[in-house]
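Below, each chain spelled out in residue letters.
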Amino acid sequence: MASTSKAISNSAHQQGQTCIAFSRDGKIAYTGGLDTLVRIWHTDQGEDQEPEAAYEADEGITAVAAAEGCWLSGGHDSDVRKYIPGKAQLNGLVTSAAGVSIRCLAVDPSGKRVAVASDELSVKIVDLDEITNVVVLKGGHKKRIRKTTWHPSGTILTTSSSDGTIVVWNISDTEAKVENVIDGVIPEVVDPESPEFMHDCSAVWHPSGQYFFAASRTHEIVAISRSTWTKTSSLSDPNTIGATTALALSANGIYLASACKQEILIWSVQTKRVLWKHPGTPNAFTIQIAFSPTENLLAWTDTEGVLSRWRDAIPAGSPDPVRQTAASSAQGTTTKRNSTPPLWGEEPHADAEGGDPYGDDWIIDDLGDGMEDEPEGAKAIRAGDGFVKEMVSITKAQPAFQPGSTPMENKKRYLAYNMVGVIEVTDQDTHHIVNVEFHDRSTRKGYHFTDHFKYDLGSLGERGALFACPPELDHPAQVIYKPYGTWSTQGDWTYALPKDQRVLGLAAGGERPMRSLRDPSSSGGDIQGQGNIVIATSSGDLTFLSGSGMERIVLGVEGEYVTMAAAEEYVLVVHRPGATTIDGSQSLVATLISFEDFQVLQEKPLPIPKGHTLRWIGTTDEGAPAIYDSAGYIHLMIHHRRPNRAAWARLMDTNLLERKQGKDESYWPVGLSQDTFMCLILKGRQEHPGFPRPLIQELPVRLPFRNQDPADSPIEERIARERIHVNLARDALGDELTSPDIDKREVELDKQLLKLIQASCKADKAPRVIELVKRLHFPNSIGAASQLAGFYRLIGLQEKIEAIKLWREQNATPAEEAREARQGFAYEDAPLARPKPFQNFNPPPKVDRPGLTRSAGIVEQTEFTASNIAIRAGRSRAPQAPASRSTSPEGKRKRDDNDDDLSSNAFDVEVKRRAVGESDAVVPSPKPSAYIAIQPGRV
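Residues numbered from 1 in each chain as written. Predicted model: local features only at pLDDT ≥ 70, side-chain atom pairs only at ≥ 80, totals over all residues. Heavy atoms only, no water.

1. Looking at unusual backbone geometry
With an omega dihedral of 0°, the bond running from Phe 691 to Pro 692 counts as a cis peptide bond. Checked against the element boundaries, Pro 692 lands in the loop between strand S52 (676–683) and strand S53 (697–700). Its identity is not glycine, yet Lys 261 carries a phi of approximately 55°, on the positive side. Its place among the elements puts Lys 261 in the loop between strand S23 (255–260) and strand S24 (263–268). For Leu 473, which is not a glycine, the phi torsion comes out positive at approximately 55°. You can see Leu 473 is positioned in the loop between strand S36 (464–469) and strand S37 (478–483). Overall, Leu 473 belongs to the exposed group, its relative accessible area being 82%. (Helix = DSSP H or I, 4+ residues; strand = E, 2+ residues; numbered from the N terminus. Buried < 20%, exposed > 50% of the residue type's maximum accessible area, 1.4 Å probe, protein only.)

2. Details of the sheet that holds strand S33 (residues 432–438)
If you trace the 4 strands from one edge of the open sheet to the other, you get S31-S32-S33-S34, paired in antiparallel fashion. Both outer strands of the open sheet, strand S31 (412–417) and strand S34 (447–451), are each paired with one neighbouring strand and no more. Strand-to-strand twist across the sheet, computed as the mean angle between neighbouring axes with direction ignored, equals 20°. (Pairing = 2+ DSSP bridges. Axes fitted to C-alpha atoms, helices over the stretch in contact; angles between N-to-C directions.)

3. Description of helix H2 (residues 740–762)
In this model, H2 (23 residues) spans 33 Å end to end at C-alpha, consistent with the 33 Å of a helix rising 1.5 Å per residue. Contacts made by the buried residues of H2 are with helix H1 (713–731), helix H3 (766–774), helix H4 (779–791) and helix H5 (795–810). (Expected span 1.5 Å × (residues − 1). Contact = heavy atoms within 4.5 Å.)

4. A look at the sheet that holds strand S22 (residues 244–249)
The strand order S22-S23-S24-S25 describes an open sheet built from 4 strands, whose pairing is antiparallel. The sheet is open, and its two edges are formed by S22 and strand S25 (273–279), each paired on a single side. Going across the sheet, the axis of each strand differs from the next one's by a mean of 20°, ignoring polarity. Relative to S24, S23 runs antiparallel, the two sharing 6 bridges. Residue pairing in the sheet places Tyr 255 in a bridge with Ser 268 of S24.

5. Quick notes on the pairing of strand S44 (residues 570–576)
In terms of burial, S44 is largely enclosed, as 7 of its 7 residues are buried. Every second residue of S44 is oriented toward a common face, with Tyr 570, Leu 572, Val 574 and Arg 576 on one face and Val 571, Val 573 and His 575 on the other, all of them buried. Two elements, strand S43 (residues 560–566) and S44, share 6 bridges in a ladder whose sense is antiparallel. Residue pairing for S44: Thr 563 is matched across the bridge by Val 574. Hairpin connection from S43 to S44: 3 residues lie between these consecutive antiparallel strands. With 6 bridges connecting them, S44 and strand S45 (residues 589–594) associate as antiparallel partners.

6. Here we look at the confidence of the model for the protein chain
Per-residue confidence for the protein chain gives a mean pLDDT of 82; residues scoring 70 or more make up 79%. A low-confidence stretch, residues 327–393 (pLDDT under 50), is modelled with 99 contacts involving residues beyond four sequence positions or located in other chains. Confidence drops under a pLDDT of 50 for residues 881–939, and excluding neighbours within four residues, the segment shows 42 contacts in the predicted structure. (pLDDT = per-residue confidence, 0-100.)

Take a look at the structure:
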């Protein structure tokens, strides 16, 4: 059941690092920031309160903590100060570092001691009642210490260093010692000025003391066992990808809160699933998060200096985050109470005699309230596919992104990474160093330059590199294009946007070079132009420019821009025409726009599964659009050259790869060919590649067919995949009938089909043979199929195959039919000619509407009508019949058999003529007359 409450926010400090801590009674929240202030917030007051502030620090505050009878603060000025609880009144100094920054303050469970971590390689444990009583922990780390936390028993201290290690200190004896060093879990972050250095890397202990949680370098939340100091489980959600920046456990250990990007998540420790979400501050990430120790309240601070408080974060009907339950002590383990150290030290409610209310041997109920029936409406938090809804049940819209780009980490990032090359950026504080390298160095020459504009977008095309910088102060957003050819000294050009606009996306397209672009002479290089440029701006338009900087057209985007990629002839633009759906669909649409005349060639919705997002778009070696989503599916747009007739074919499912079975890895797409998927391997929950630059891996492309026949299924998959690419190549022919490459590929297809035909003939599957024969391309191949049928003595089947061959020879070939279809597409999509008004003075053409003609009766002419009197009189004077006709004894002529034949034939002829030629003929009489057949008007 989604929480119906909303967080309230206060602007607490300036932008940058912030910190937060609750008082031990939960009534006060202390926040610190780079503005040197510590603000004191009352949790029972709203967002309109005026907090008291402590001003004693000379530099920014990096850590705050609450102890028994005081609260503490530390910062970049190297001092740790002590204040009166709930007041901004200084009560003295606790300790100082040797001119380095304080990084973390951690108070033990009893509230009597504080562990101070700084840029020094040691940790100080100071007795708050007697500050001269100091224990120094040395020798555990080789680099500065970022975080430190206490075990619930107060006998173990864990410290997290910037070298990526977690050191476990045993301080139960008079002399502290290192119990274990855990390496390879948390990320290594050396630069203290990088945003990653502010991420939470602390070991968050569960109240049971049997394990702790930590944000791993693979973007997972892992649980480390107290007994083995190894990973026992992990928390991950397919809809949440990215680095975890903050962690916190509820007072009873039932819930775990984490921050990822601009989102707050609450997990169930038992089920390891996300229960509720809340959006964070836009364009900021959360630095520290904390549960109130006494009430249902969650608070956090972020890089924008905002304090957010989420009251009733755990909805009614769910287990309370504060009330102690058996599940808060352990998770389904059998424990001896006598061998377990005290978890909470000297607590007021602890048993004075140290007795155990559960007995000596007891099994902890790790379900807590989990066995209770699900409250009414609780199923509303999930859809049928398990997708978790947000507070207001609206899917978060995927923001705009640049294909092949990564965020800045450790002062390095990729602006572009594709099959042409790589654009790397190194942050030097005052400027950037941009390094452009190419995979094929024989065609293009790499280079590097100093960037004072700090470009944040880049695109690497076939003809040049494109960069864009954001607006800053009085400087507008700019786009710079650097063509690869060096024979012209005026190649680079700059395009500036208005001050109130910024660049959302870039795309550089153009034809592939036919010769080297490294020739500096005026006669060298390539003369196919410098490509095409497309710029997406925040004003909702697409600006098309030529490779020389000439503006061509500005098109409006029908919705919200997401991303785009350019090819030789077109640009593929992905946008969101409306809103996302409530069940997790991003509702994205891809539009194919021609560079030649800006026609919309295709407009198709993206086949992204619900609950997933688009990760990459690009083009194949043959120029077909392709996409990759977070579900691991690769889709190819087939028939994209046929206007308005394209479709998305699922080309590959990376979840079915053999190498992925039993591994937790994902893939960063770089390029796609007919048989190979070029990508970078990402381990665990890693979202993007890092440095040093990893090698490109080639994975085989396989259609996700479900037929598991070991003999036929590989051949069928190969035929289907090859036919897709043959059709793509045939669509590009135009009026040409075929090409040598297509003929060669179709011959190979026929060879594979003949293998299937042979297997079907052997198994006596005649219908399958007929179906396969119809798919053959050449008459010789059909003849070979006929021979196979004869070899297996399938005479009837052989005759049918020969009939198919004869029919194929007498009709158009598949290549001719495909060409006629292409010509028909061009005719159907030809623009309508606009008529010229007042230019045609001819009478309108006659319109024949038979259904609207007036009905008219038909007069039947017989010998008894008045108009035939003369005919009857002539017959009465006619001579007698010839002697050949015999008469009856009564003097009457005997009817000859020919008379019946004449009558019946005349009637039959008349009926046939009426049926064929006269739709309005009168139905004949039951006794027809022979005259009807000879009337002039009726013949």
